[in-house]
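Architecture at a glance
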Amino acid sequence: MASGTDVRGRAPAPAEAAASPARRRWLVPALLVLGWLAGVAWRMWLARHVALPIAHTDEDSYLNTARALAGGPGGFSSENGPLRRVGYPMLISPAFLGERDFTASYRLVQLINAAVNATVLPLAYLLARRLLALRRSSALVAAAVAATLPATAFYAQVAMIDAVLAPLVLAWLLAVHRWIARPGVPAAALAGTLVGAFHLLHSRGLVIVAVHAGLVLLLLVRRRATPAQVLAAVLPVLALALVNAAGIRLLGDRVYLLGNPPGGGTVRAVASGQGLLRLGAAVATQLWYLVVITFGLAGIAWAAALRELRRPGRDAAVRWTLGVALVTSAGVAGGASVILAGITTKPLDAIYGRYVQMLAPFWLLVGVAVLLTVAYRVLLGRAAVALGLLVAGAALIAARLAYVASRGHELRYGGFGAPDLMALTGGWREFRPFTGAAVGALACVLLVAAVRAPRLRVPVLAALVVVNLATMQVITDRLVRPMVAATAPTPRVADLGIRPGERVHASVGVHYILRFNLSHQVTWTDVRWFAEQPPPGAEVVFARWAPGAPDDWDGARYGFVRLGGNPGQHWAAWRRAWTMFPAAG
């Protein structure tokens, strides 16, 4: 990570040096495999309460598309045409093969998520060893911290693309480092394939594609890449873009889009002085969030990375990789803020850290490397930068919140905006920027103080794993379980006697979350919506049940008989009368 006068003298490690080559050969791979299995089990344990989607409408879109790709019925997607991607639905589509109820398929989706997400551990270890040159023991513990970060693990329990992006970021940056350190066609092709995977998975992959294109061009201009390597780096991106187009064509109209393409609204949202200020504040909020949730280590890492870029005599592969990561971080934060600013139908978010969370493991690892390898006086300077970012960011956010409140508005603050920040600050109902800054600053100071004693370095990093595990448990108890209780319709569709093969529709009078989760349990058909009168072909409908209220739906007027439901949740299932007694018809 660092060299020359910045490097702290490292004490010899007799245990590591004395270990036999044979033992070293199998010990680390065995630990990584066991760690991966433990990570999968932990993620599935966290997901045990979640039997139906809680992140609407994103989950619904991915699940409907995956079911259609597996040959089943389609449904809606909240995506829009230009930003539509089918990579994640392709990944989870095997969960919908065969005949099984929705909960079983959803558990398989969570298992796929857990298996992919847990690969952060071995990927983080490889990155810590190859890019950052950490010792085995330090690399293993640092990888465990990265793999247990709530920013890494949270989305593995729901059907969200974010579950697979953190490991993909690490794999891509490893590939970039490998390509520059040992140029060759295979390395270039690997980097290009991973960039293509980003493009196939999510629209934020456009930022990765742009960064990749700039990297390829720079390498070519500086004669670090041959024309053959350039082709190898570019062709996989084009190929996977074609795969996305083919997947969309294969789906046809079985999945219908509800999203609005970004257009004039996005331009108007940022094309003014005030709009640019709002955009800058949103970007700064996301970057500040990364510093807090990595215990200040992201700020230390950024200070070190910027310093490395100004030292051309250093390891070129490290410098280039850090430069790519810096540009990507700024690009993702900026691109996400622009897109979110253009969604004028909803209030703006006070914070929406979801898009930058995938970068947290990488910057945490770089920050750990700075902690463990640079001279202490240099580390103090890097830590001062991190503390400055925390304080300045908190002041900016507080000013933004106060300004919006003074104009009679409020910024949206929800569970999926930054669940780990909520848990760390106790801010379940309000954004607490100064509390967040205090948490990040305290953790940063403790880490910097602890590394002065060599025997404390690994134990202190191990303590961060415990903090991560505890934070995820708090998120589960305070956020996930209440969401599950609020969004799970009872009784189940199967308990009402609704049979496979029946044509089912749902009224828009049913709250959309309950309507979507009722519809998921109807695995044999696409449940379409109606306003008041069901379509003629409907055999079963879900409608509003609010006894005594003017909007209570009376199915008897249309020839339906109520099967049951939940008046407390304001929904009921109705079956057309003649289908209950077909012989009498």
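Reading the values: rules and limits
Residues numbered from 1 in each chain as written. Predicted model: local features only at pLDDT ≥ 70, side-chain atom pairs only at ≥ 80, totals over all residues. Heavy atoms only, no water. Helix = DSSP H or I, 4+ residues; strand = E, 2+ residues; numbered from the N terminus. Buried < 20%, exposed > 50% of the residue type's maximum accessible area, 1.4 Å probe, protein only. Areas by Shrake-Rupley, 256 points an atom, 1.4 Å probe, with all protein chains shown as cover. Lys, Arg positive; Asp, Glu negative; His and termini not counted. Charge placed at Lys NZ, Arg CZ, Asp CG, Glu CD. Pairing = 2+ DSSP bridges. Axes fitted to C-alpha atoms, helices over the stretch in contact; angles between N-to-C directions. Salt bridge = Lys/Arg side-chain N within 4 Å of Asp/Glu carboxyl O. pLDDT = per-residue confidence, 0-100. Contact = heavy atoms within 4.5 Å. Parallel < 35°, antiparallel > 145°, perpendicular 65-115°, else oblique. Left-handed = near helix turned anticlockwise from the far one by under 90°. Nonpolar A, V, L, I, M, F, W, Y, C, P; charged D, E, K, R; others polar. Core = buried A, V, L, I, M, F, W, Y, C linked by side-chain atoms within 4.5 Å. Phe/Tyr/Trp six-rings, centres within 6.5 Å; stacked < 30°, edge-to-face > 60°. Lys NZ or Arg CZ within 6 Å of the ring centre and 35° of its normal.

All right, on to the overall build of the protein chain then. Within the protein chain, the regular secondary structure consists of 23 helices and seven strands. Here the C-alpha coordinates of the protein chain stretch approximately 90 × 55 × 50 Å along the principal axes. The buried share of the protein chain, reckoned over its 585 residues, is 54%. Carbon and sulfur atoms make up 65% of the accessible area of the protein chain, which totals about 24,200 Å². A gap of 15 Å separates the mean positions of the 55 positive and 25 negative side-chain charges of the protein chain.

Let us now look at the sheet that holds strand 4 (residues 528–530). Paired through backbone hydrogen bonds, the strands of a sheet run either parallel or antiparallel to each other. Sheet architecture is open: five strands sit in the order 4-3-5-7-6, paired in mixed fashion. With one partner strand each, in any of the chains shown, strand 4 and strand 6 (560–566) form the two edges of the open sheet. Sheet twist, expressed as the average angle between the axes of neighbouring strands with direction ignored, equals 30°. Where strand 3 (residues 504–507) meets strand 5 (residues 540–543), three bridges bridge the pair, whose relative direction is parallel. Its bridge partner being in strand 5, valine 504 is matched across the sheet by valine 540.

Let's shift gears to the pattern of salt bridges. One pass over the structure, following the stated rule, counts 12 salt bridges. We note a salt bridge from aspartate 58 to arginine 354, for which the minimum N-O separation is 3.0 Å. Residue aspartate 58 is located in helix 3 (residues 58–69), and its partner arginine 354 is located in the loop between helix 16 (316–341) and helix 17 (360–373); the two are separated by 296 residues in the primary sequence. Overall, the relative accessible area of 2% leaves arginine 354 in the buried class. The partner of arginine 412 in a salt bridge is aspartate 349, with the nearest N and O atoms 3.1 Å apart. Within this pair, whereas arginine 412 is found in the loop between helix 18 (376–406) and helix 19 (419–425), its partner aspartate 349 is found in the loop between helix 16 and helix 17, the two being separated by 63 residues in sequence.

Bringing the confidence of the model for the protein chain into the picture now. Counting all residues, the mean pLDDT for the protein chain is 91, and 93% of those residues have values of 70 or more. In this model, residues 9–18 is a region of pLDDT below 50 whose contacts with residues beyond four sequence positions or in other chains number nine contacts.

In this section: the packing of helix 10 (residues 185–201) against helix 11 (residues 205–221). Between helix 10 and helix 11, the shortest axis-to-axis distance is 7 Å and the interhelical angle comes to 150°. Classified by the angle between their axes, helix 10 and helix 11 sit roughly antiparallel to one another. For the crossing formed where helix 10 meets helix 11, the hand is left-handed. Of helix 11, the residues touching helix 10 (which contributes Ala191, Gly192, Val195, Phe198 and His199) are Gly205, Leu206, Ile208, Val209 and His212. Here the residues of the contact of helix 10 with helix 11 sort into six nonpolar, four polar and no charged.

Here we come to the nonpolar core. Core analysis: the largest hydrophobic core is formed by 161 residues, its most contacted members being Trp172, Trp179, Trp288, Phe362 and Trp363. The element contributing the most residues to this core is helix 9 (residues 162–181), with 15 residues. Those residues in contact with tryptophan 363 that sit more than four places away from it in its chain are Leu297, Ala298, Ala301, Trp302, Ala305, Leu322, Ala325, Leu326 and Ser329. Of all hydrophobic cores here, the second largest spans 14 residues; its members include Leu496, Ile498, Ala506 and Val527.

Our focus in this paragraph is the environment of leucine 446. Within the fold, leucine 446 resides in helix 20 (residues 433–450). Separated by 151 residues in the primary sequence, leucine 446 and phenylalanine 295 have C-alpha atoms spaced 9.6 Å apart.

So, about the packing of aromatic side chains. On inspection of all chains with the given rule, the structure shows 20 aromatic pairs. Each ring, one from phenylalanine 154 and one from tyrosine 155, has its centre 4.9 Å from the other, and the planes form 85°; the classification is edge-to-face. With respect to burial, phenylalanine 154 and tyrosine 155 carry one shared label: buried. Measuring from centroid to centroid gives 5.6 Å for tyrosine 512 and phenylalanine 516, while their planes differ by 70°, and the two rings are edge-to-face. Of the two residues, tyrosine 512 and phenylalanine 516 both sit in helix 22 (residues 512–520), four residues apart, roughly one turn of that helix. Under the relative-accessibility criterion, tyrosine 512 is labelled partly exposed at 37%. Ring pairing ties together the aromatic residues Phe530, Trp553, Tyr558, Phe560 and Trp574, which thus form one cluster. The lysine or arginine in question, arginine 354, covers the ring of tyrosine 355, its NZ or CZ lying 5.3 Å from the ring centre.

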